[in-house]
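Report on the structure
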Amino acid sequence: MVKNQTVYEINDFKLDNESLLLQETLFHNANGYIGIRSVFEEGYPEGFESVRGQYINGVYDITKISRAEQLYGLITEKQTLVNVIDTQSIKLKIGDENFSMFEGTVLASKRWVDTVKGITGRYVKWRSPSGKELELNIKRMASFSQLTLFTIEYELTPLNFSGFITLESNHDANVKNYVNPEDPRTAAYGRQYMIPLKCEIHNGISFITSTTSKSDIQVCTCVKNVLSQEADRLFFIDNNNAICQLTTLASKGEKITLIKYTVFCDSIRCTNAREQAGIEIDYALSIPLEEYYKKQEEYLKEYWDNCCVNIDGDDELNMAVRYNLFQLIQSVGKDQYCNISPKGLSGEGYEGHYFWDTEMYIQPFFTVTNPSISKKLIEYRYETLDMAKEHSRILGHKKGALYPWRTIMGRECSAYYPAGSAQYHINGDIAYSIIAYYLATKDIAFIQEKGAEIVFETARLWLDVGNYHKGKFHINGITGPDEYTCIVNNNYYTNLIAQYHLRWAVIFYEILKLTGQFRKVTSKIGLTESEIAEFKKASDSMYLPYDPDLKINPQDDSFLQKKKLNLDSVYRKDSPMFMRYHPLFIYRHQICKQADTIMAYLILEDAHSEETMLNSFNYYEKITTHDSSLSKCIFSIMAARLGMDQKAFDYFGNSALLDLHDLFHNTRDGIHAANMAGSYMSIVYGFGGFRLKESGIWFSPILPEKWNSYSFCIRYENSRIRVTVNRGENIFTLECGTPKPIYVYGVEYLLKDKLVISQEANRHSWLNM
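Notes on the structure follow.

The rules behind the values
Residues numbered from 1 in each chain as written. Predicted model: local features only at pLDDT ≥ 70, side-chain atom pairs only at ≥ 80, totals over all residues. Heavy atoms only, no water. Helix = DSSP H or I, 4+ residues; strand = E, 2+ residues; numbered from the N terminus. Rg over C-alpha atoms; globule rule 2.2 N^0.38 Å. Buried < 20%, exposed > 50% of the residue type's maximum accessible area, 1.4 Å probe, protein only. Contact = heavy atoms within 4.5 Å. Areas by Shrake-Rupley, 256 points an atom, 1.4 Å probe, with all protein chains shown as cover. Lys, Arg positive; Asp, Glu negative; His and termini not counted. Charge placed at Lys NZ, Arg CZ, Asp CG, Glu CD. Pairing = 2+ DSSP bridges. Axes fitted to C-alpha atoms, helices over the stretch in contact; angles between N-to-C directions. Disulfide = S-S within 2.5 Å. Left-handed = near helix turned anticlockwise from the far one by under 90°. Nonpolar A, V, L, I, M, F, W, Y, C, P; charged D, E, K, R; others polar. Phe/Tyr/Trp six-rings, centres within 6.5 Å; stacked < 30°, edge-to-face > 60°. Salt bridge = Lys/Arg side-chain N within 4 Å of Asp/Glu carboxyl O. Expected span 1.5 Å × (residues − 1).

Turning to the overall build of the chain, a few remarks are in order. When its secondary structure is counted, the chain shows 20 helices and 32 strands. In terms of C-alpha radius of gyration, the chain reaches 27 Å, essentially the compact-globule figure of 27 Å for 769 residues. Taking the principal axes of its C-alpha atoms as reference, the chain extends roughly 85 × 60 × 60 Å. By the burial criterion, 64% of the 769 residues in the chain qualify as buried. Counting only contacts in the chain whose residues sit at least 6 apart along the sequence, the fraction spanning at least 24 positions is 67%. Of the roughly 28,100 Å² of accessible surface on the chain, 49% is carried by carbon and sulfur atoms. Charged side chains in the chain number 82 positive and 94 negative. The centres of these two groups are separated by 2 Å.

Paired through their backbone hydrogen bonds, the strands of a sheet run either parallel or antiparallel. Taken in spatial order, the five strands of this open sheet run β20-β27-β28-β29-β32, and their pairing is antiparallel. Of all strands in the sheet, those with a lone pairing partner are β20 (310–312) and β32 (754–758), marking the two edges. Neighbour-to-neighbour, the strand axes of this sheet turn through a mean angle of 20°, independent of strand direction. Where β20 and strand β27 (residues 709–716) come together, three bridges link them in antiparallel fashion. Pairing of Ile 311 across the sheet is with Tyr 710, part of β27.

Next up on the list: the state of the cysteines. Counted by the stated rule, this structure contains zero disulfides. Its sulfur unpaired, Cys 199 is 10 Å from the next cysteine sulfur, which belongs to Cys 220. Exposure remark for Cys 199: the relative accessible area of 17% places this residue in the buried category. No disulfide involves Cys 265; its sulfur sits 5.1 Å from that of Cys 270, the nearest cysteine. Judged by its relative accessible area of 2%, Cys 265 falls in the buried class.

A word on the pairing of strand β18 (residues 241–250). Burial analysis of β18 places seven of its ten residues in the buried class, which makes it a mostly covered element. Sheet analysis places strand β13 (residues 163–172) next to β18, joined by ten bridges and oriented antiparallel. Counted as the bridge partner of Glu 168 is Gln 245 from β18.

This part is about the environment of Leu 560. Following the sequence through the fold, Leu 560 ends up in the loop between α12 (529–540) and β23 (563–564). Here Leu 560 falls in the partly exposed class, since its relative accessible area comes to 24%. Sequence spacing of Leu 560 and His 589 is 29 residues, and the spatial spacing of their C-alpha atoms is 9.2 Å.

Where helix α10 (residues 492–512) contacts α12, the axes come no closer than 8 Å and their chain directions differ by 145°. With respect to the hand of their crossing, α10 and α12 are arranged in left-handed fashion. Across the interface between the two elements, Gln 499, Leu 502, Arg 503, Ala 505, Val 506 and Tyr 509 from α10 touch Glu 529, Ile 532, Phe 535, Lys 536, Ala 538 and Ser 539 from α12. By residue class, the composition of the contact of α10 with α12 is seven nonpolar, two polar and three charged.

Each aromatic ring pair is described using two quantities: the centre-to-centre distance and the angle formed by the ring planes. By the definition in use, this model includes 44 aromatic pairs. Ring plane angle 10° and centroid distance 4.6 Å describe the contact between Phe 144 and Tyr 299, whose orientation is recorded as stacked. A residue pair is termed long-range when its members are at least 10 positions apart, and Phe 144 in the loop between β11 (133–142) and β12 (149–158) and Tyr 299 in helix α3 (residues 289–307) qualify at 155 residues. Since its relative accessible area comes to 7%, Phe 144 is described here as buried. Using a relative accessible area of 30% as the deciding quantity, one classes Tyr 299 as partly exposed. Judged by centre distance (5.5 Å) and plane angle (80°), the rings of Tyr 619 and Tyr 620 are edge-to-face.

Within the open sheet, the four strands sit side by side as β25-β26-β30-β31. Their pairing is mixed. The strands lining the two open edges of the sheet, one partner per strand, are β25 (691–693) and β31 (747–751). With direction set aside, neighbouring strand axes in the sheet form an average angle of 30°.

Before going further, it helps to examine the pattern of salt bridges. For the structure on display, the rule yields 45 salt bridges. Residue Glu 351 is joined to Lys 78 by a salt bridge in which the shortest nitrogen-to-oxygen separation is 2.7 Å. Of this pair, Glu 351 sits in the loop between α4 (315–331) and α5 (357–366) while Lys 78 sits in strand β6 (residues 77–81); the two residues are 273 residues apart in sequence, bridging distant segments of the chain. Assigned by exposure class, Glu 351 and Lys 78 land together as buried. Across the salt bridge formed by Lys 301 and Asp 305, the nearest N and O atoms sit 3.0 Å from each other. Linking Lys 301 with Asp 305, this pair stays in helix α3, spanning four residues, or about one helical turn.

What follows covers the pairing of strand β10 (residues 119–127). Counting buried residues along β10, seven of its nine residues qualify, which places the element largely inside the surrounding structure. Linking strand β9 (residues 105–114) back to β10 in an antiparallel pair, the connection comprises four residues, with Gly 118 at a positive phi of about 75°. Pairing of β10 with β11 involves eight bridges; the strand directions are antiparallel. Within β11, the residue paired with Val 124 across the bridge is Leu 136.

Within helix α7 (residues 385–394), the full set of buried residues consists of Leu 385, Met 387, Ala 388, Lys 389, His 391 and Ser 392. The inward-facing, buried residues of α7 abut α6 (371–383) and α9 (444–465). Taken from the residues just after α7, Gly 396 is the one with a positive phi, measuring 95°.

Turning our attention to unusual backbone geometry. At Asn 240, a position not held by glycine, the phi torsion is positive, near 60°. Assignment of secondary structure puts Asn 240 in the loop between β17 (232–237) and β18. For Asn 240, a relative accessible area of 25% translates into the label partly exposed. Phi at Asn 490 takes a positive value of approximately 55°, unusual for a residue other than glycine. With respect to the helices and strands, Asn 490 occurs in the loop between β22 (472–475) and α10. In this structure Asn 490 comes out as buried when scored by relative accessible area, which is 0%.

With 17 residues, α4 ought to run about 24 Å at 1.5 Å a step, and its terminal C-alpha atoms sit 24 Å apart, in line with that. Judged by how many residues are buried, α4 sits mostly within the fold: 15 of 17 residues are covered.

Moving on to the environment of Arg 411. Mapped onto the fold, Arg 411 is located in the loop between α7 and α8 (425–441). Taking relative accessible area as the criterion, Arg 411 reaches 38% and is therefore assigned partly exposed. Those residues in contact with Arg 411 that sit more than four places away from it in its chain are Gln 79, Met 387, Glu 390, Pro 404 and Arg 406.

Our next topic: the environment of Leu 544. Position of Leu 544 among the secondary structure elements: in the loop between α12 and β23. With relative accessibility at 27%, the residue Leu 544 sits in the partly exposed group. C-alpha separation for the pair Leu 544 and Thr 494, spaced 50 residues apart in sequence, amounts to 9.5 Å. Apart from the residues lying within four places of it in its own chain, the contact partners of Leu 544 are Tyr 492, Asn 495, Leu 496 and Gln 499.

Shown next as structure tokens:
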């Protein structure tokens, strides 16, 4: 249930195993560097399943891939996100009774996530089997001001007794990754990837240094337990588990607080993880926890000032979107050594790999709200550019770079190339994100420094993978976004984004010719005028499939030749097709897992006629299963764009509530981060009609019938603009920065302070333009 519009909470939460696994995800803590699943400090009963994970973004180990037939170029190993440590454990003993929600009587309980304060919590009022009653208030925080820091504030109050209690805090290096061999979205086998090297205790602080088994990455974690009153303290190490036992006298009605500090350091980011961990814990202990809470709230205030979406008229959806946006800032990497995975740092689904989700779903959010974060995400791609060039050579290309479909450190991790490495559109996706960052910020210095080099090297690949046939440039033997249709010729989305990519490579070349850094970029990669001419020729000559009879864009050259399936006969809400049908069966039919051609209409709507987009939407909607969480948000946006308001709203609701309602039945494995960004896009790019174009920023707002109003913010260049959509009118407010031209329903205005623009008549004219 929803308490208010900034706190998501569940009262009297369920204690069955499936509900607890879901809650481990929903109430996890993260800050882009570390992620901690929300497991009970005291643990679960024997036999309960748990994903007791703590992760560092970008820290991975290597796993071998076994094949019966090893063909040239197919990967033999992959990276996987590792569970690095377990510092969550705090066991409470009252006399000779152990606290457990599964014993005695739970009188009241609550779990919550506070999106203003940036903390999660658990409250329990409990009666022991012998009748002793207590209250527990537990608050957790992954700090945004000190990314290495995770805290647990464990507060207990005896309600009807006094007596001795013991708190046992563990720092355990004996951890393994989760395994589910029946689900291809999780690891098929698990093992202990982190090998403890040294476990030590100095001045009441435990340090554990471990190393990955194959990738040679060291991680040092350290823990300090601070109790609010005097206690007998016992420290010891048992099989790489550093244990701190605190025994103290509890008095009826008086609170006792244990603060458990954990810091994480890794050898990717620092030369000596053990030394840096000591520095980090000393710094953490020098600042009161209340000060950290204050800094957490200050960080989030700035975040919400730039990105907050408010819906008046639907509390549940308003809270869902707020929750989703909070998860994005928790999940996204904050430096060039990492990115954001489909599950963020909330679980081990997809093994922590980074996909195109970043560029096509998550960056469209950050680029227009917190562009400095988008910049870091692009920097990660720049750091791995050399490995993208290496990947290109493995796949037979003489020049250019091809980014891997899924990766952590930069090398391909996709074991199934038809739905993995064959998705060459990843190059266009990355270029698209760089172009969007430039359009939103005009940060030409960053394009000179890093962005242009990525765009040029990835553009080179299109010239090698494609070829001319009867005067048109064709791209054959690739896979588009729809993973139910693999290894095809002329996927519409891929060809369209390649065309856009090549055209912008030419534009950036011309822009950079006007700067002093032009020769630095071109000489580094040996870029020539003749290559630029080839980029332009290929872009101008790009073949884009069109069927004159149906008046739609076919998804690829052979898509319309395939048999059709009755969607009702194959669709199951609780089980995607790829879990029940052989890939070849799926590939032979007109069936789509997700938005593909419809996605192309979103990102480059001006390349198509209204008639073609509408016909195509109606055609593909009937054959799309939405088995991917990336799909419904795109259909929502395009339904809004094409005047199907109620359909847009229905798709949006399914997208926004996907994790909170566990609509895919797999949120236990982690959040669906790209879909969360998609819920933002459904409002801003869908109902708000926002588009970031070469000509500027465009809006064409609509108001869903069930809402009273909604509002959102856009950062564009040096300005922040708030858009409020009421019944019958739209209000555009320049909150900071310089005046900006904006387009509303196709008409240009200069926003100096505030503009009020009527809705219905203007929108009707816009749809009929």
